[in-house]
Amino acid sequence: TMKSKQIIIMLLSFIILFSISCKNDDKTGNGGGGSLNIPTASGNPASVGNVTLKGNLTRTGTTGQGELIAPDTTIQNYEVVIKDNKVTAGSVLQILSGKQLFGDGNVVEASGELVEVSEGITTTSREYIKLTLDDAKNPTKVEVEYIFGSSNSEVNYTVTYTGNLTKQ
């Protein structure tokens, strides 16, 4: 499907960029990693009805080397599943799986972080999703803000997508 091809392309792009950054590290030395300007979900655990929502997201912003990671400007058929007040969202870095939702009322958020060490380089990756629901108890539409990014001694990027999804 188109979605799986896009995810494969994004992951391959990330792997290529990461391997280049590892090679460059030999020449440049191991500098300090940058910080990721990606929100972290917090607050009270949310109360949201179970639902599966789908739709398209459009890239609305990048920082750093983000344009190398996800050259596509649209993610087709992006899926968000809410079950038992946890979210599993289509995610480039596979971090937003079964994450607790936080927030009050119709605005809820979730985030996750992954720290990996490869060849002496520590890479921190983070994902964040903010959902503005039409009705938290029985959602049928949601406005999504999805941000992902990674940072290590060579690479620091964030990519932001937004869009509207509907109940499936």
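Preceding this section is the structure that the text describes.
Caption draft 1: How the structure looks around the overall build of the protein. Summing up its helical and strand segments, the protein has two helices and nine strands in all. Reading the helices (α) and strands (β) of the protein from amino to carboxyl end gives α-β-α-β-β-β-β-β-β-β-β. Buried positions account for 42% of the 168 residues belonging to the protein. Long-range pairs, those at least 24 residues apart, make up 64% of the contacts in the protein with a sequence separation of at least 6. Carbon together with sulfur atoms contributes 50% to the accessible area of the protein, which is approximately 8400 Å² in total.

Caption draft 2: Quick look at the packing of aromatic side chains. All chains considered together, the criterion is met by four aromatic pairs. Ring centres of Tyr 78 and Tyr 146 lie 5.5 Å apart, and the angle between their planes is 40 degrees; this geometry places the pair in the tilted category. Remark: Tyr 146 occurs in strand E8 (residues 141-151) and Tyr 78 occurs in strand E2 (residues 74-83); sequence separation between them is 68 residues. Since its relative accessible area comes to 1%, Tyr 78 is described here as buried.

Caption draft 3: Here's a closer look at the side chain of Arg 126. On the secondary structure map, Arg 126 appears in strand E7 (residues 121-133). Polar side-chain contacts of Arg 126 include one of 3.4 Å to the backbone oxygen of Leu 36. Among all residues touching Arg 126, those that are not within four sequence positions of it are Leu 36, Ile 38, Pro 39, Thr 40, Leu 93, Ile 95, Gly 112, Glu 113, Ile 147, Phe 148 and Gly 149.

Caption draft 4: Structural view of the environment of Asn 156. Relative to the elements of secondary structure, Asn 156 occurs in strand E9 (residues 156-167). The class of Asn 156 is partly exposed, set by a relative accessible area of 25%.

Caption draft 5: The arrangement of the pattern of salt bridges in detail. Per the counting criterion, the structure on display carries two salt bridges. Of the charged contacts, one joins Lys 54 and Glu 79 as a salt bridge, the two residues approaching to 3.7 Å between their closest N and O atoms. On the criterion of sequence distance, the pair formed by Lys 54 in strand E1 (residues 51-64) and Glu 79 in strand E2 is long-range, its members being 25 residues apart. Classification of Lys 54 as partly exposed rests on a relative accessible area of 31%. Notably, a salt bridge pairs Arg 126 with Glu 113, separated by 2.6 Å at the nearest N-O pair. In this pair, Arg 126 is assigned in strand E7 and Glu 113 in strand E6 (residues 107-118), connecting sequence segments 13 residues apart. Residue classification places Arg 126 among the buried residues on the basis of a relative accessible area of 15%. Exposure remark for Glu 113: the relative accessible area of 45% places this residue in the partly exposed category.

Caption draft 6: Focus on the sheet that holds E6. With respect to topology, nine strands assemble into an open sheet ordered E4-E3-E2-E1-E9-E8-E7-E6-E5, the strand pairing being antiparallel. Each edge of the open sheet carries a strand with a single partner, namely strand E4 (99-100) and strand E5 (102-104). Both E5 and E6 contribute to a ladder of three bridges, which runs antiparallel. Bridge pairing in E6 places Gly 103 opposite Val 108.

Caption draft 7: Local environment of the pairing of E9. Note: E1 against E9, eight bridges, orientation antiparallel. Within the sheet, the bridge partner assigned to Gly 64 lies in E9 and is Tyr 157. Inspection of the sheet shows E8 paired to E9 by 11 bridges, in the antiparallel sense. What sits directly across from Ser 151, in E9, is Asn 156.

Rules of the game
Residues numbered from 1 in each chain as written. Predicted model: local features only at pLDDT ≥ 70, side-chain atom pairs only at ≥ 80, totals over all residues. Heavy atoms only, no water. Helix = DSSP H or I, 4+ residues; strand = E, 2+ residues; numbered from the N terminus. Buried < 20%, exposed > 50% of the residue type's maximum accessible area, 1.4 Å probe, protein only. Contact = heavy atoms within 4.5 Å. Areas by Shrake-Rupley, 256 points an atom, 1.4 Å probe, with all protein chains shown as cover. Phe/Tyr/Trp six-rings, centres within 6.5 Å; stacked < 30°, edge-to-face > 60°. Polar contact = N/O pair within 3.5 Å; in protein donor to acceptor, adjacent residues only side chain to side chain. Salt bridge = Lys/Arg side-chain N within 4 Å of Asp/Glu carboxyl O. Pairing = 2+ DSSP bridges.

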